[in-house]
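The primary structure of each chain is shown beneath.
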Amino acid sequence: SGVEQLGNMIAEAACIVPFTGAGISTECGIPDFRSPGGLWTRNRPIAFDEFVSSTEARAEAWRRRFAMEETFAAARPGRGHRALASLYKAGKTPAIITQNIDNLHQASGFKSDDVVELHGNTTYARCIGCGHAYDLPWVKARFEETGSAPDCTICDEPVKTATISFGQSMPEDAMRRATELARQCDLFLAIGSSLVVWPAAGFPLMARNCGAKLVIINNEPTEQDDVADLVIRFDIGETLGPFVGN
Ligand code: OAD
Ligand code: ZN
């Protein structure tokens, strides 16, 4: 079976790099983007230039974020997160590349330095000018006090969740580190991503082109199933549950 084959590939690999998308966190209560009921089926994304140029877009972005607060705050790592943390603990996985912003890989036991966040992190905020970090309760209090999204107390530029929006430049360090990881691994696991958003979706292909085996675990077809060595079209928690160690 697929799971048995995955087990053999994991056993034989010296360096496994997981690459995750929103599908790994749905069992934790966080909706993905493109499935029925996903975030982009309910709301149009707010692009970076809209956020920068429109106070109304900024307020809307923060209202959406606050509406998700209970969901993010209550979420705990699922079986997928825990299985990958087991590989990390066992020394098989040097670091993980993720498109997710929910902090659940860190919560499952990965050191922050070993979570390469391509799309940032939604559990705190940053000034888009000087990069100063703010915590969300500060943003919420300012928002409620003034009725509009706060600006940086240092440089007066807008404060935004520390995530990457469409149209915003990618984080250079994360891109560099992800490139290194994709090139050095011998097994690349693409888990819970539709693989439609670039440049993130370039990493599975890069790993494959550099000689790694590529496994895709996703319950719907993805853009790259045809180039994968193994496709497991099944639930992530069910598939990776057997790999959760102690
Ligand atoms: P998508 O919503 O595009 O894809 C998630 C995939 O996970 C879908 O194909 C689902 O079928 C699958 N899935 C969901 N739950 C699953 C489960 N329990 N078991 C197996 N498969 C499951 O999310 P991403 O590919 O992560 O970026 O989206 C990529 C980027 O698009 C995000 O990082 C975000 C978004 O716009 C930005 O906002 C910049
Ligand atoms: Zn600033």
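The structure under discussion appears in the preceding block.
Residues numbered from 1 in each chain as written. Chains lettered and ligands numbered in written order. Predicted model: local features only at pLDDT ≥ 70, side-chain atom pairs only at ≥ 80, totals over all residues. Heavy atoms only, no water.

**Student:** Would you take a moment to explain the sheet that holds strand 5 (residues 133-134) for this structure?
**Tutor:** Through backbone hydrogen bonds, the strands of a sheet pair up, either in parallel or in antiparallel fashion. Overall, antiparallel pairing links the three strands, which are arranged 5-4-6 in an open sheet. Only two strands of the sheet have a single neighbouring strand rather than two, namely strand 5 and strand 6 (159-163). As defined by bridge partners, strand 4 (residues 120-127) adjoins strand 6 across five bridges and the pair is classed as antiparallel. Paired with Cys127 across the strands is Val159, a residue of strand 6. Running over the sheet, helix 4 (residues 55-67) touches strand 4 and strand 6 and is turned about 50° from strand 6. (Pairing = 2+ DSSP bridges. Helix = DSSP H or I, 4+ residues; strand = E, 2+ residues; numbered from the N terminus. Contact = heavy atoms within 4.5 Å. Axes fitted to C-alpha atoms, helices over the stretch in contact; angles between N-to-C directions.)

**Student:** What is the right way to look at the sheet that holds strand 3 (residues 115-117) in this model?
**Tutor:** Read across the open sheet, the six strands follow the order 3-2-1-7-8-9; overall the sheet is parallel. One side of each edge strand has no neighbouring strand; the edge strands of this open sheet are strand 3 and strand 9 (230-232). Ignoring strand direction, the axes of neighbouring strands in this sheet form an average angle of 15°. Against the sheet, helix 9 (residues 172-184) touches strand 1 (16-20), strand 2 (96-98), strand 3 and strand 7 (187-191), its axis set at about 125° to strand 3.

**Student:** Got a minute to help me understand the environment of Pro31 in this structure?
**Tutor:** By the secondary structure assignment, Pro31 is in the loop between strand 1 and helix 2 (39-42). When the C-alpha positions of Pro31 and Thr71 are compared, they lie 9.3 Å apart, and in sequence the two are 40 residues distant. Excluding anything up to four places from it in sequence, Pro31 contacts Thr26, Gly37, Leu39, Arg42, Met68 and Thr71.

**Student:** Just to check I follow, could you spell out the coordination of the zinc ion (ligand 2) for this structure?
**Tutor:** Reference geometry at the metal: tetrahedral coordination by four donors gives ideal angles of 109.5 degrees; octahedral coordination by six donors gives 90 or 180 degrees. Protein ligation of the zinc ion (ligand 2) involves Cys127 (SG), Cys130 (SG), Cys152 (SG) and Cys155 (SG), the donor distances falling in the range 2.3 to 2.4 Å. Around the zinc ion (ligand 2) sit four donor atoms; with metal-centred angles ranging over 94 to 120°, the donor geometry is tetrahedral. The sequence pattern describing where the donors of the zinc ion (ligand 2) fall on their chain is C-x2-C-x21-C-x2-C. With a gap of 22 residues between them, Cys130 in the loop between strand 4 and strand 5 and Cys152 in the loop between helix 8 (136-146) and strand 6 connect regions that are remote in the sequence. (Donors = N, O, S within 2.8 Å, 3.2 Å for Na, K, Ca; no water. Tetrahedral: all angles 85-135°; square planar, octahedral: opposite > 155°, others 65-115°.)

**Student:** So what exactly am I meant to see when it comes to the layout of surface pockets here?
**Tutor:** Space left empty within the atom packing is revealed by a probe, the size of a water molecule, rolled over the atoms. The space that makes up the second largest pocket amounts to roughly 590 Å³. Taken together, 27 residues line the second largest pocket, and the ones lying closest to its centre are Glu117, Gly120, Tyr124, Arg126 and Pro171. Elements represented by at least two residues in the lining of the second largest pocket include exactly strand 3, strand 4, strand 6 and helix 9. At six residues, strand 4 tops the list of elements feeding residues into the lining of the second largest pocket. (1 Å grid on protein atoms, 1.4 Å probe; cavity = no way out; pocket = protein on both sides within 12 Å on 5 of 7 lines; lining within 4 Å. Points joined across faces, edges and corners; volume = space filled by probe spheres on them.)

**Student:** Mind showing me how you'd approach the state of the cysteines here?
**Tutor:** Enumeration according to the criterion identifies zero disulfides in this entry. Sulfur of Cys185: no disulfide; nearest cysteine sulfur belongs to Cys15 and is 5.8 Å away. (Disulfide = S-S within 2.5 Å.)

**Student:** Explanation requested: the pattern of salt bridges in the structure shown.
**Tutor:** Where charged atoms from two side chains of opposite charge come close, those side chains can pair. Following the criterion strictly, the structure yields 14 salt bridges and no others. Arg64 is the partner of Glu60 in a salt bridge, and the nearest nitrogen-oxygen pair spans 3.0 Å. Separated by four residues within a single helix, Glu60 and Arg64 lie in helix 4, roughly one turn from each other. By relative accessible area, which is 22% here, Arg64 ends up partly exposed. (Salt bridge = Lys/Arg side-chain N within 4 Å of Asp/Glu carboxyl O. Buried < 20%, exposed > 50% of the residue type's maximum accessible area, 1.4 Å probe, protein only.)

**Student:** Could you clarify how one ought to interpret the pairing of strand 1 in this entry?
**Tutor:** Across a regular strand the side chains alternate sides, sitting on one face of the sheet and then on the other. The buried fraction of strand 1 amounts to five of the five residues, a majority that puts the element mostly inside the structure. Both faces of strand 1 are covered, namely the face carrying Ile16, Pro18 and Thr20 and the face carrying Val17 and Phe19. The sheet contact formed by strand 1 and strand 7 spans five bridges and is parallel. Pairing of Val17 across the sheet is with Phe188, part of strand 7.

**Student:** Explain helix 1 (residues 2-12) to me, please; I cannot follow it from the model alone.
**Tutor:** The periodicity of an α-helix, 3.6 residues per turn, causes residues three or four positions apart to be oriented the same way. If you check which residues of helix 1 are buried, you get Leu6, Met9 and Ile10. Seen along its axis, helix 1 keeps its buried residues to an arc of 100°; they face one direction. Relative to its buried face, helix 1 has exposed residues pointing more than 90 degrees away, namely Glu4, Ala11 and Glu12. Lining the buried residues of helix 1 we find strand 1, helix 6 (79-89), strand 7, strand 8 (213-217), strand 9 and helix 11 (236-240). (Arc of directions from axis to C-beta.)

**Student:** Help me understand empty space enclosed by the protein in this model?
**Tutor:** On inspection of all chains with the given rule, the structure shows one cavity of 30 Å³ or more. Lining the largest cavity are Leu6, Ile10, Ala83, Leu84, Leu87, Leu189, Leu240 and Phe243. Contributions of two or more residues to the lining of the largest cavity are made by helix 1 and helix 6. Considering each element in turn, the lining of the largest cavity owes the most residues, three residues, to helix 6. Looking at side-chain class alone, the lining of the largest cavity contains eight nonpolar, no polar and no charged residues. (Nonpolar A, V, L, I, M, F, W, Y, C, P; charged D, E, K, R; others polar.)

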